[in-house]
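Spelled out, the chains give:
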Amino acid sequence: MSSKLLIKGGRILDPANRRDDSGDLLIEKGKIAQVGGRLSANGAEVVQAEGLWVVPGLIDMHVHFRQPGREDKETILTGSRAAVKGGFTSVLPMANTHPVADNRGAIEFILAEAKRAGLVNIFPVGAVTQGLQGECLSEIGELALAGCIALSDDGKPIRNTKLMRHALEYASMFSLPIIAHEEDPYLFEEGVMHEGHASTVLGLKGIPAICESIMVARDLELLKLTGGRLHFAHISTARSLELIREAKKKGLAVSCETAPHYLVLTDEALSAFDANFKMNPPLRGEADQKALTEALKDGVVDCIASDHAPHTSQEKETELDTAAFGIIGLESSLGICLTYLVHKNILKPSELVARMSWMPAKVLGLRKGTLSVGADADVTLINPEKKWTLRSEELESRSRNSPFIGWEFKGRAEMTLVGGHVMMKDGKVGRD
Amino acid sequence: MKKWNRKDLLGLEDLSGEEIRLILDTAYSFKEVLKRPIKKVPSLRGKTVANLFFEPSTRTRASFELAAKRLSADTMNITAQESSLSKGEILKDMARNIEAMKVDVLVMRHPASGSCSLLAKALQSAVVNAGDGSHEHPTQALLDLLTIEERKKRIEGLRVSIIGDILHSRVARSGIWGLTKLGAEVTVCGPKTLLPIEVEKMGVRVTSRLEEAIEGADVLNLLRIQLERQNSSFFPTVREYAQFFCVTPERLQKAKKELLILHPGPINRGIEIAPEVADGPYSVILDQVSNGIAVRMAILFLVSQISQTGVKDVLKTSH
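The numbers attached to residues start from 1 for each chain and follow its sequence in the written order. The naming scheme follows written order: chains are lettered A onward, ligands numbered 1 onward. In view of the model being predicted, local features appear only for residues whose pLDDT reaches at least 70, and side-chain atom pairs are presented and counted only at 80 or more, with totals across whole chains, interfaces and linings using the full set of residues. Working from all heavy atoms in the structure, the side-chain values ignore hydrogens and water.

Let us now look at the overall build of chain B. Only runs of H or I of at least four residues qualify as helices and only runs of E of at least two qualify as strands under DSSP, and these elements are numbered from the N terminus. Scanning chain B from terminus to terminus reveals 11 helices and nine strands. The C-alpha radius of gyration of chain B comes to 19 Å, within 12% of the 20 Å expected for a compact globule of 319 residues. Judged by the C-alpha coordinates and their principal axes, chain B covers about 55 × 45 × 35 Å. Looking at chain B as a whole, 59% of its 319 residues qualify as buried. A fraction of 71% describes how many contacts in chain B between residues 6 or more apart in sequence connect residues 24 or more apart. The Shrake-Rupley method, run with a 1.4 Å probe sphere, supplies the accessible areas, and residue values consider only the shown protein chains as cover. About 13,500 Å² of surface is accessible on chain B, with carbon and sulfur atoms providing 51% of the total. Seen as two clouds, the 45 positive and the 38 negative side-chain charges of chain B have centres 4 Å apart. Computation of the radius of gyration draws on C-alpha atoms, with the globule rule given as 2.2 Å multiplied by the number of residues to the power 0.38. The rule is simple: take the accessible area with a 1.4 Å probe, protein chains only, and divide by the maximum for that residue type; under 20% is buried, over 50% is exposed, in between is partly exposed. It only takes one pair of heavy atoms within 4.5 Å for two residues to be counted as in contact. Only four residue types enter the charge count: Lys and Arg as positive, Asp and Glu as negative, with His and the chain ends excluded. Each charge is placed at NZ for Lys, CZ for Arg, CG for Asp and CD for Glu.

In C-alpha cells, the structure reads:
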C-alpha cells in the first residue's frame, strides 16, 4: 500500500468536530491529512466510499482477551482479529487474566503481544488491587509508567470502602480513571440472573437491581470526597442511571458505559435456560431496559462497550448455576447498535459514533476518536444498510458464546483502518 | 381423548389444563392396575428407564423405580455418589453416554434449575424431571392433584394454601402451575424472606400470616423447611419458625371440617407440622405416596409413546 490513501465520497461523521457531511478524507503517513470537500488523489490509493459512513475508529473500552492464562478462550491475536472485524481500532482489555495484570511485567507482556498481533491499538487496563484481591493497591504509579490509561478490578467489585477511597485518591495523582464493576457481594451471593418475576418462575437465584445501584451510590459519595475520575462499567439498572444523572448535574467527574445486550434483551430470555444469556450484571427487566435507552439518548450513558467475555463451550453448555458469566461482543456490537438504535431512530448516526468512539476517547484521555487533521488515521467505514447474519463459523473470536448467533442485523463495518493501514476489508481480516 | 405429543415432562408451566387432565386420567387407569393381585402390565416391556439422581432421595426414586417395574420396563439407578460427574465430566456428556446405552427414558433429579431442559434438548431419549433445583417437580404436583381430586372430586374452585419455604421450593412452583391451570385458588404463605419476589404474578394470593392461609382453605400443602436456611438469615431459628408457621391442632381450630393436609415429605415433625396433625384425620400424606406410583406410571407410559393406541387398549391386552 502506498502511504497515501484517499477515501472518496463517504458520509463523514466526526462528532468531535460536529461534522456530518459527504466528502473525501485523505490519509498520509498514518495520520489524517485533509478532511472534507472534494480532494484529488495525487497518487494516493483511492477507496470508494459512496453510501458508506466514514467515522473515527471505534473504541471498545471493555473487553477480555484472556491472555495470559486462558488462551483456550481468546488470545490477544484472536481478540484483535475479532476487534477489527467488528470495526474497532482500539480496545481496552481488562486486567483479570492469569496472572493478573497488576504489575509492569504483565502490562509489558500484553503490549508486546499486541504489537506482535499488529492489528489494533491495545490499551491494557491495570488492576486496582494486587491479584484483584481487593486488599492492597497495585503499584499504580508503575502501571501508569508501563502505559496503563485506566485501572479496574473488573469482574470483581471493590468491597472494601476504605480501599476504594484510597484507590480514587491515589489514582488521581496519575490522572488515571477507575473503572468500577459495581456489585454488592452479599446481595449478589450466588446469583445467576436478575431478581424478578422471571427468576421466581425459573427457580434461579436472583441478583437484585439494588446490588448494582447501592455500590454506585457508595462510590459517588466517595468521589465527592476524594475527587479523581470514576467510570462505571456495564451499567444495567434504572436506579444506577438516576444516581449517575444526579451526580453529573452536580458536576462530579463521572461517566458510564452500557453494553449492547442490555438494550435488546431482558431477563425473560433466560427461560430457555441457555447460558449464553447469563452475564454479569445480568439481563434486567423491561423498565431497566427502557431507562438505559433513555439515558443513551440524553447522554447520561456516555459510552457503549461490549464487555466481550469469551468462554469455552464446556463452560457455557452446562447448567445455568455453574455456567460462566459473559458473552462475546466485538463482532456483534456495531450490528446491534445500528439495527436497534440507529435504524429505530433512538440515536442519530453521529450520536452512535460519539458513544462508540469519541466519548470513550474522552473518558480515557486518549487523543483518538476524531477525524481532526493530524489525528491518528484510525478510521472505520460502515455500510449502514448492509444486511447480514451473525454466523458462528464466521467469527474471528476463539469463542462462540454469543446469544446473537443467527440474528440478522442491518449495518456493519466494511473496512477498518488502524494508523492508516487497512486491517479489515469486506469482512476479511489482515494487515494490508 | 387428547393425545400426548411431548417427548419429555419438564414441568407443568408449559402444559395445558387438558394435558394435565390427560395425565390424571391415565393415572386413574393405572391406579386400577395397582389394586389387582398382580400389579404389573407389559406396557413398557423391552424399554429401559434410567433414574439419574444427583441429590439424595428415597421416596421419589423408589416411586419412579417401582412405577417403571410395574410397567415391565428394565430399570437402572445412577446416583451422584457413583456418577462420574464428580470426576469433572459435564452433565451433557454423561447423559449422552447413558443414551448411547439405548435408554428410552431418563428420569433425573438435579440441584440446578433448568438442568432437565438442558438434557432434553441434547438427547433423543425422553427426559422426565424428578426435581430440578428450585424450578419444578412436576410429578409431585401431579400426585398432589390426584390426591386432592380423589378426595374432593374436583380441583376447580378449591382454595389451596401452600405453606413454608416458597422461595426454594420446586414443589410450590409446580403446584402453583398445576392447581391454577385446573382452576383452584392458590395462596402461598411463608416468612417474607422465603417468598420469592413478584410471586403474585403467578396468579396466587400471598400472605405471611398462617391464620390467613388456614382460614377458608380446602387444602393445605405444607413444605419441608430445610434446617440449614437458619444459617443464612432467612429466619432466626427453627424454633422461631415453628412458633409462627407450624401447623398445630390449635391453629386448625378455625379450619374447615373437610380440610386436607398434604406434605411432599420427608416431614419435620414439630417444625412445619405438629405430629398430631401429621398423623391426624386431615392428613393424606400416605395417599400421596400411593398415588405417586400411579402418576409416575402414567408419565412413563405417556412419554414412552407406546404406539398410538390409547391407554385403555394397552390395559386390555394385559389381561
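Having seen it, we continue.
Tallying secondary structure elements over chain A gives 13 helices and 19 strands in all. Taken over the C-alpha trace, chain A has a radius of gyration of 21 Å; the compact-globule value for 432 residues is 22 Å, and the two agree within 12%. When its C-alpha atoms are laid out on the principal axes, chain A stretches across 65 × 45 × 45 Å. By the burial criterion, 64% of the 432 residues in chain A qualify as buried. Counted over contacts in chain A with a minimum sequence separation of 6, partners at least 24 positions apart contribute 74%. When the accessible surface of chain A is totalled, it reaches about 15,800 Å², and 48% of it is carbon and sulfur. When the 50 basic and 57 acidic side-chain charges of chain A are each reduced to a single mean position, those positions are 5 Å apart.

This part is about the interface of chain A and chain B. Taken together, the contact pairs 15 residues of chain A with 23 residues of chain B. Carbon and sulfur atoms make up 59% of the area that chain A and chain B hide from each other, which totals about 1,600 Å². Any Lys or Arg side-chain nitrogen found within 4 Å of a carboxyl oxygen on Asp or Glu counts as a salt bridge. For the pair chain A and chain B, the interface holds one salt bridge. Of the charged contacts, one joins Lys92(B) and Glu317(A) as a salt bridge, the two residues approaching to 3.0 Å between their closest N and O atoms. Any pair of nitrogen or oxygen atoms within 3.5 Å is treated as a polar contact; in protein, a donor-acceptor pairing is required on top of that, and neighbouring residues in sequence qualify only through side-chain atoms on both sides. For the pair chain A and chain B, the interface holds six residue pairs in polar contact (both at pLDDT 80 or more). We define buried area as the total accessible area lost by two parts upon association, computed with a 1.4 Å probe and summed across both.

This part is about the nonpolar core. Core analysis: the biggest nonpolar cluster contains 102 residues, and Val91(A), Phe232(A) and Leu352(A) have the highest contact counts within it. With six residues, helix H12 (residues 333-342) of chain A is the largest single contributor of residues to this core. Apart from the residues lying within four places of it in its own chain, the contact partners of Phe232(A) are Ala180(A), Glu182(A), Val216(A), Asp219(A), Leu220(A), Ile244(A), Val254(A), Ser255(A), Cys256(A) and Glu257(A). If you look at the next biggest cluster of nonpolar residues, it comprises 66 residues, including Leu146(B), Ile148(B), Leu262(B) and Ala294(B). Among the buried residues, those of types Ala, Val, Leu, Ile, Met, Phe, Trp, Tyr and Cys that are joined through side-chain atoms within 4.5 Å form a nonpolar core.

Another point: the pattern of salt bridges. Under the counting rule described, the total for this entry stands at 39 salt bridges over all chains. Residue Lys69(B) is joined to Glu65(B) by a salt bridge in which the shortest nitrogen-to-oxygen separation is 2.8 Å. Of this pair, Lys69(B) and Glu65(B) are both found in helix H2 (residues 59-70), four residues apart, which corresponds to roughly one turn of the helix. Using a relative accessible area of 36% as the deciding quantity, one classes Lys69(B) as partly exposed. Taken together, the shared-partner salt bridges in this structure form one network comprising Lys31(A), Lys368(A), Asp376(A) and Asp378(A).

Now for helix H7 (residues 210-226) of chain A. Residue and element names in this part refer to chain A. Here H7 is 17 residues long and its end C-alpha atoms lie 24 Å apart, about the 24 Å a rise of 1.5 Å per residue gives. Every buried residue of H7 is accounted for by Cys211, Glu212, Ser213, Met215, Val216, Arg218, Asp219, Leu220, Leu222, Leu223 and Thr226. Gly227 lies just past H7 and shows a positive phi near 70°. Between the first and last residue of a helix there are one fewer steps than residues, each counted as 1.5 Å, and that sum is the expected span.

Attention now goes to the pairing of strand S18 (residues 421-425) of chain A. Residues and elements named next belong to chain A. Two strands make a pair as long as DSSP finds a minimum of two bridges between them. Sheet topology note: the strand S17 (residues 408-418)/S18 ladder contains four bridges and is antiparallel. Across the sheet, the residue bridging to Leu417 is Val422, located in S18. Between S17 and S18, which pair antiparallel one after the other, the connecting turn spans two residues, and Gly419 there sits at a positive phi close to 55°. Pairing between S18 and strand S19 (residues 428-429): two bridges, direction antiparallel. By the bridge assignment for S19, Met424 is matched with Val429. Here S18 folds back onto S19, and the loop between the two strands holds two residues, one of which, Asp426, carries a positive phi near 50°.

The next thing to look at is the sheet that holds strand S9 (residues 260-262) of chain B. Residues and elements named next belong to chain B. Read from one edge of the open sheet, five strands run S7-S6-S5-S8-S9, paired in parallel fashion. Strand pairing shows two members of the sheet lacking a second neighbour, strand S7 (205-207) and S9, which therefore form its edges. Within the sheet, the average angular offset between the axes of one strand and its neighbour, ignoring direction, is 20°. Relative to strand S6 (residues 185-189), strand S5 (residues 159-163) is paired through five bridges, and the arrangement is parallel. Bridging across to S6, Arg159 finds its partner in Glu185. Note on method: axes are straight lines fitted to C-alpha atoms, helices fitted across the in-contact stretch only, with angles between N-to-C directions ranging 0 to 180 degrees.

Okay, the sheet that holds strand S2 (residues 74-79) of chain B next. All names here are of chain B. Read across the sheet, four strands follow the order S2-S1-S3-S4 without closing on themselves; strand pairing throughout is parallel. Looking at strand neighbours, the two that pair on one side only are S2 and strand S4 (126-132), the edges of this open sheet. Across the sheet, the mean angle separating the axes of adjacent strands is 15° when strand polarity is ignored.

Describing two packed helices takes the angle between their axes plus the distance from one axis to the other. Residues and elements named next belong to chain B. The interhelical angle for the contact between helix H1 (residues 17-34) and helix H5 (residues 138-152), taken along N-to-C directions, is 70°, at an axis separation of 10 Å. For the element pair H1 / H5, the angle class is roughly perpendicular. The way H1 lies across H5 gives a crossing that is right-handed. Listed contacts from H5 to Ile20, Arg21, Ile23, Leu24, Ala27, Tyr28 and Lys31 of H1 are Leu142, Leu145, Leu146, Glu149 and Glu150. Every angle not falling under 35 degrees, over 145, or within 65 to 115 is termed oblique; those three ranges are roughly parallel, roughly antiparallel and roughly perpendicular. The sense of a crossing depends on the near helix, which, turned anticlockwise from the far helix by less than a right angle, makes the crossing left-handed and, turned clockwise, makes it right-handed.

Working definition: an aromatic ring pair is given by the centre-to-centre distance plus the angle between the planes. Residues and elements named next belong to chain A. Stacked, tilted and edge-to-face pairs are distinguished by plane angle, under 30 degrees for stacked and over 60 for edge-to-face with tilted covering the rest, among Phe, Tyr and Trp rings (Trp via its six-membered ring) whose centres lie within 6.5 Å. Tallying each qualifying case throughout the model produces 10 aromatic pairs over all chains. Taking the centre distance of 5.7 Å and the plane angle of 50° together, the rings of Tyr170 and Phe174 count as tilted. Residue classification places Phe174 among the partly exposed positions, given a relative accessible area of 32%. When the ring of Phe404 is compared with that of Trp407, the centres are 4.8 Å apart and the planes differ by 85°; the resulting orientation is edge-to-face.

The next point concerns the confidence of the model for chain B. All names here are of chain B. A residue's pLDDT is simply how confident the predictor is in it, with values from 0 to 100. Considering every residue of chain B, the mean pLDDT works out to 91; 92% of them sit at 70 or more. Low pLDDT, under 50, characterises residues 306-319; the stretch is placed with 21 contacts to residues that sit more than four places away or in other chains. Under the prediction, the complex receives an ipTM of 0.91, its pTM being 0.93.

Counted at 1.5 Å a residue, the expected span for H5(B) with its 15 residues is 21 Å, and the 21 Å between its end C-alpha atoms agrees. Lys153(B) lies just past H5(B) and shows a positive phi near 65°.

Residue and element names in this part refer to chain B. Looking at the element boundaries, Leu194 is found in the loop between S6 and S7. Overall, Leu194 belongs to the buried group, its relative accessible area being 0%. A C-alpha to C-alpha distance of 34 Å links Leu194 and Asp25, two positions 169 residues apart in sequence. Setting aside anything within four residues of it in sequence, one finds Leu194 in contact with Gly164, Asp165, Ile166, Leu167, His168, Ile225, Phe234 and Phe235.

Residues and elements named next belong to chain B. One can describe the packing of H1 onto helix H10 (residues 285-304) by two numbers: an axis separation of 8 Å at closest approach and a directional angle of 120°. In terms of their interaxial angle, H1 and H10 are classed as oblique. In terms of crossing hand, the pair formed by H1 and H10 is right-handed. In this structure, H1 contributes Ile23, Thr26, Ala27, Phe30, Lys31 and Leu34 to the contact, and H10 contributes Asn291, Ile293, Ala294, Val295, Met297, Ala298, Ile299, Phe301 and Leu302.

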